[in-house]
Amino acid sequence: MTTVQDAGRFGHAALGVGRSGAADAASYALANRLLANPEGAAALEVTLGGLRVRARGAVTVTVTGAQTPVRVDGRGAAVNEVLHLPDGAELTLGIPARGLRSYLAVRGGVAVPPVLGSRSTDVLAGLGPALPGAGDLLPVGPAPAALPHLDHAPVRPVGGDVVDLRVDLGPREDWFTDHAVTSLLSGEYEVTSRSDRVGARLAGPVLERSREGELPSEGMVAGSLQVPPGGEPVLFLADHPVTGGYPVIAVVRSADLPKAAQARPGTRIRFVL
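Residues numbered from 1 in each chain as written. Predicted model: local features only at pLDDT ≥ 70, side-chain atom pairs only at ≥ 80, totals over all residues. Heavy atoms only, no water.

**Side note on a nonpolar patch on the surface**
Okay, so step 1: A surface patch of nonpolar side chains, amounting to about 340 Å² of accessible area, comprises Met1, Val123, Leu124 and Leu131.
Okay, so step 2: Within the secondary structure, Val123 sits in the loop between β9 (101-106) and β10 (162-169). (Patch = residues over 30% accessible without salt bridge, like charges linked within 9 Å, V, L, I, M, F, W, Y side chains within 5 Å. Areas by Shrake-Rupley, 256 points an atom, 1.4 Å probe, with all protein chains shown as cover. Salt bridge = Lys/Arg side-chain N within 4 Å of Asp/Glu carboxyl O. Helix = DSSP H or I, 4+ residues; strand = E, 2+ residues; numbered from the N terminus.)

**Re the nonpolar core**
Okay, so step 1: One finds Leu202, Leu225, Leu235, Ile249 and Phe271 to be the most contacted residues of the largest nonpolar core, which totals 26 residues.
Okay, so step 2: Those elements giving two or more residues to this core turn out to be β10, α2 (178-186), β11 (189-195), β12 (199-203), β17 (248-252), α3 (257-261) and β18 (268-272).
Okay, so step 3: Residues in contact with Phe271, not counting those within four places in the same chain, are Leu165, Val167, Leu184, Leu185, Tyr189, Leu202, Leu225 and Val252.
Okay, so step 4: Val46, Val106, Val110 and Val112 belong to the second-largest nonpolar core, a separate cluster that totals 21 residues. (Core = buried A, V, L, I, M, F, W, Y, C linked by side-chain atoms within 4.5 Å. Buried < 20%, exposed > 50% of the residue type's maximum accessible area, 1.4 Å probe, protein only. Contact = heavy atoms within 4.5 Å.)

**Points about the pattern of salt bridges**
Okay, so step 1: Enumeration over the complete set of coordinates arrives at 13 salt bridges.
Okay, so step 2: A salt bridge links Arg270 to Glu188, with the nearest nitrogen and oxygen atoms 4.0 Å apart. Of this pair, Arg270 sits in strand β18 while Glu188 sits in the loop between α2 and β11, placing them 82 residues apart in sequence.
Okay, so step 3: Arg270 gets classed as partly exposed once you look at its relative accessible area, which sits at 35%.
Okay, so step 4: By relative accessible area, Glu188 is classed as partly exposed at 34%.
Okay, so step 5: Between Asp239 and Arg197 there is a salt bridge, with its nearest N and O atoms 2.8 Å apart. You can see Asp239 sitting in the loop between β15 (234-236) and β16 (243-244) and its partner Arg197 sitting in the loop between β11 and β12, a full 42 residues away along the chain. Just as Asp239 is buried, Arg197 falls in that class too.

This is the structure:
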């Protein structure tokens, strides 16, 4: 599950097209800053490692996000540092010990053709470049005039066994009992294997509704905690639908969405008001 991602496509929600873009926007942005790429340059988003790429010509790259084991021609390398790959060098990413998504950026950006102003792959809408496969050649754009200022970025590791996410209640808090709101804010939810770029399905305390029936479809944003009739919430991520009919009990603050994107199956999540 490797996709091409950039900062996302903007201004098309009225047409039913969401923003998409890098799920962990902070790690993605760090990768471009390390290489002195312009904001919005496309990179590869790698889920749980396993990627192998070979340089066609000399390239400069970096890997950020989940701390996956990095090897260049069999020799160990590190995440969050600038790597210079000679022609023919093979870079491999192992399975990260913590976190879920890593970002492989190249100086000049991945220059696949944009769709509606973005090079992001939206797995829900089916827009953007196809998932890279064995033997594919990914074009690289021209190197920017600016030069990298750092060889390594000393950043805190992403991911963890327990993640706290700040939320604001609503917009449909009134569709749930007081006990449901208390359960949301005092219990723990586990990220299940039924999770992807669209959203993370959570297992934990059931959130009981205070009324029957369903809403007409209304707008959705990344971070929405939508509650289907079964009562276990779904946390919408980068490729979420632009509308939905199940009530949203709370929304994760955008600053905490990178932490949500790095919550792998088995991670326990606590929601903090």
